[in-house]
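# Breakdown of the fold
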Amino acid sequence: MTDLTDRINIGKDTAAKLIKVGINSIDELTALGTEQAFIRLQALDAGACMCLLYSIDGAISNTKWNQIPSERKQELKAFHKQVTRK
């Protein structure tokens, strides 16, 4: 596929979704950032979950999603809550 699947937390399905929203490499993902990448993915899938958000953030920082520092997880939770309000 691309170098997306070479990165931790990014499997074939997530990589395919990223490519579908115009993110074709880790460099592009990193340049865009976690939050903006998630917003793009959410446009594709309104049910995009916290796990996907953690996965993206972990891929950018090259950290397993479950080892993201708790302070960063709190930031991501607040962001997720903000962008998923109906």
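Since we're looking at a predicted model, the values are computed, not measured.

Reading guide: rules and limits
- Residues numbered from 1 in each chain as written.
- Predicted model: local features only at pLDDT ≥ 70, side-chain atom pairs only at ≥ 80, totals over all residues.
- Heavy atoms only, no water.
- Helix = DSSP H or I, 4+ residues; strand = E, 2+ residues; numbered from the N terminus.
- Buried < 20%, exposed > 50% of the residue type's maximum accessible area, 1.4 Å probe, protein only.
- Polar contact = N/O pair within 3.5 Å; in protein donor to acceptor, adjacent residues only side chain to side chain.
- Contact = heavy atoms within 4.5 Å.
- Patch = residues over 30% accessible without salt bridge, like charges linked within 9 Å, V, L, I, M, F, W, Y side chains within 5 Å.
- Areas by Shrake-Rupley, 256 points an atom, 1.4 Å probe, with all protein chains shown as cover.
- Salt bridge = Lys/Arg side-chain N within 4 Å of Asp/Glu carboxyl O.
- Lys, Arg positive; Asp, Glu negative; His and termini not counted.
- Charge placed at Lys NZ, Arg CZ, Asp CG, Glu CD.
- Axes fitted to C-alpha atoms, helices over the stretch in contact; angles between N-to-C directions.
- Left-handed = near helix turned anticlockwise from the far one by under 90°.
- Nonpolar A, V, L, I, M, F, W, Y, C, P; charged D, E, K, R; others polar.
- Parallel < 35°, antiparallel > 145°, perpendicular 65-115°, else oblique.

### Topic: the side chain of T34
Relative to the elements of secondary structure, T34 occurs in helix α3 (residues 34-44). The buried category is assigned to T34, whose relative accessible area is 4%. A distance of 2.7 Å separates the side chain of T34 from the side chain of D57, its partner in a polar contact. Apart from residues lying up to four places away in sequence, T34 is in contact with L53, I56, D57, I60, R72 and L76.

### A closer look at a negative patch on the surface
A surface patch of negative charge is lined by D3, D6, D27 and E28. Mapping D27 onto the fold places it in helix α2 (residues 26-32). Exposure remark for D27: the relative accessible area of 60% places this residue in the exposed category.

### Some details on the packing of α3 against helix α5 (residues 70-83)
Here α3 crosses α5 at 35 degrees, and the two axes come no closer than 12 Å. At the point where α3 passes α5, the crossing takes the right-handed sense. Taken together, the residues of α5 that come into contact with α3 (itself represented by T34, E35, F38, I39 and Q42) are R72, L76, F79, H80 and V83. Considering only residue class, the contact of α3 with α5 consists of 5 nonpolar, 3 polar and 2 charged.

### Some words on the packing of helix α4 (residues 50-61) against α5
Between α4 and α5, whose axes approach to 10 Å, the crossing angle comes to 130 degrees. Comparing their axes, α5 and α4 come out oblique. Here α4 and α5 pass one another in a crossing that is right-handed. Listed contacts from α5 to M50, L53, Y54 and D57 of α4 are R72, K73, L76, K77, F79 and H80. For the contact of α4 with α5, the class distribution of residues is 5 nonpolar, 1 polar and 4 charged.

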